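If you want the building blocks of each chain, they are given just below.
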Amino acid sequence: MNVEIRPQRISDAKRYFEILSSPNFHYLPAIPKTLEEERCFLRLNSEKRRNGTEFNFSIIYNGRHVGAIGVRLDTFRPYIGEIGFFVDEQYWGRGITTEALIKLEEFIIEKTDITRIEIRMAKQNKASQRVAVKGGYKKEGILVQMLFIEDKYFDCYLYAKIL
Ligand SMILES: CC(C)(COP(=O)(O)OP(=O)(O)OC[C@H]1O[C@@H](n2cnc3c(N)ncnc32)[C@H](O)[C@@H]1OP(=O)(O)O)[C@@H](O)C(=O)NCCC(=O)NCCS
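From a predicted model like this one, the values you see are computed outputs, not experimental measurements. (Residues numbered from 1 in each chain as written. Predicted model: local features only at pLDDT ≥ 70, side-chain atom pairs only at ≥ 80, totals over all residues. Heavy atoms only, no water.)

Caption draft 1: Layout of unusual backbone geometry. Its identity as a non-glycine residue notwithstanding, Ala30 has a phi of 60°, on the positive side. Tracing the sequence through the fold places Ala30 in the loop between helix 1 (13–20) and helix 2 (35–43). (Helix = DSSP H or I, 4+ residues; strand = E, 2+ residues; numbered from the N terminus.)

Structure representation (structure tokens):
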């Protein structure tokens with residue numbers, strides 16, 4: 001399997017908007033409503049990268065841009081990083097995210113001082129839980145009403161790995 005990650009580019013906006021327009025993305029906060037909104041998000045990346053607060057990557061599978069994965073550092077505890085990811089639904093179930101997670105962890109170890117990585121997902125989000133388990137993350141507990149999407153609260157599981 002050929003999975004690579006590379007820093008997101010502003011020119012990725014159209015493809016991201018296409019991927020995120022799927023009606024089957026249920027538990028993802030902050031889905032862009034317009035292409036311009038997606039461009040705005042991508043424009044902020046270079047500053048976040050410079051400040052060392054967030055590192056977002058595009059996932060490339062066999063040369064095709066299929067998703068995103070990134071890590072955001074906790075403002076007050078910069079040794080904690082929270083990972084988020086998504087993949088085009090056409091490519092689900094091929095192990096792409098699991099592979100991208102390994103690549104992101106290599107980046108984290110090499111380029112940041114993060115010692116604790118967290119992944120949070122809605123309790124209903126079985127695929128994300130499976131990715132966390134396959135990646136060697138341990139379930140630590142439940143975060144009640146952690147996620148707020150379209151007027152509804154969702155409880156989340158907290159998975160973590162100590163580096
Ligand atoms: C979560 C997501 C990124 C996983 O991407 P992916 O590339 O398909 O992940 P992988 O193929 O590496 O692993 C997915 C695993 O979940 C399993 N899975 C998928 N749906 C499942 C379900 N309903 N119940 C149980 N397991 C499920 C797959 O079988 C696979 O496990 P396996 O390798 O043991 O068979 C993708 O589903 C997605 O983009 N979802 C929408 C956005 C989202 O929820 N992002 C995460 C927010 S925390």
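Caption draft 2: Seen up close, helix 4 (residues 96–111). Taking 1.5 Å per residue as the helical rise, helix 4 with its 16 residues ought to reach 22 Å, and the 22 Å between its terminal C-alpha atoms agrees with that figure. Among the residues making up helix 4, those that are buried are Ile96, Thr97, Thr98, Ala100, Leu101, Leu104, Glu105, Phe107 and Ile108. (Expected span 1.5 Å × (residues − 1). Buried < 20%, exposed > 50% of the residue type's maximum accessible area, 1.4 Å probe, protein only.)

Caption draft 3: Inspection of the site of the ligand at higher detail. As a matter of local geometry, the ligand sits amid 20 residues, with Gly93, Gly95, Thr98, Asn125 and Lys134 nearest to it. In the environment of the ligand, an oxygen atom lies 2.8 Å from a nitrogen or oxygen atom belonging to the side chain of Asn125. In the complex, the protein chains occlude 72% of the 970 Å² of accessible area that the ligand would expose alone. Counting residues per element, the ones that place at least two in the shell around the ligand are strand 4 (80–87), helix 4, strand 5 (116–122) and helix 5 (126–134). In terms of residue count, the dominant contributor to the shell around the ligand is helix 5 (6 residues). Tallied by class, the residues present in the shell around the ligand amount to 9 nonpolar, 6 polar and 5 charged. (Near = heavy atom within 4 Å. Polar contact = N/O pair within 3.5 Å; in protein donor to acceptor, adjacent residues only side chain to side chain. Areas by Shrake-Rupley, 256 points an atom, 1.4 Å probe, with all protein chains shown as cover. Nonpolar A, V, L, I, M, F, W, Y, C, P; charged D, E, K, R; others polar.)

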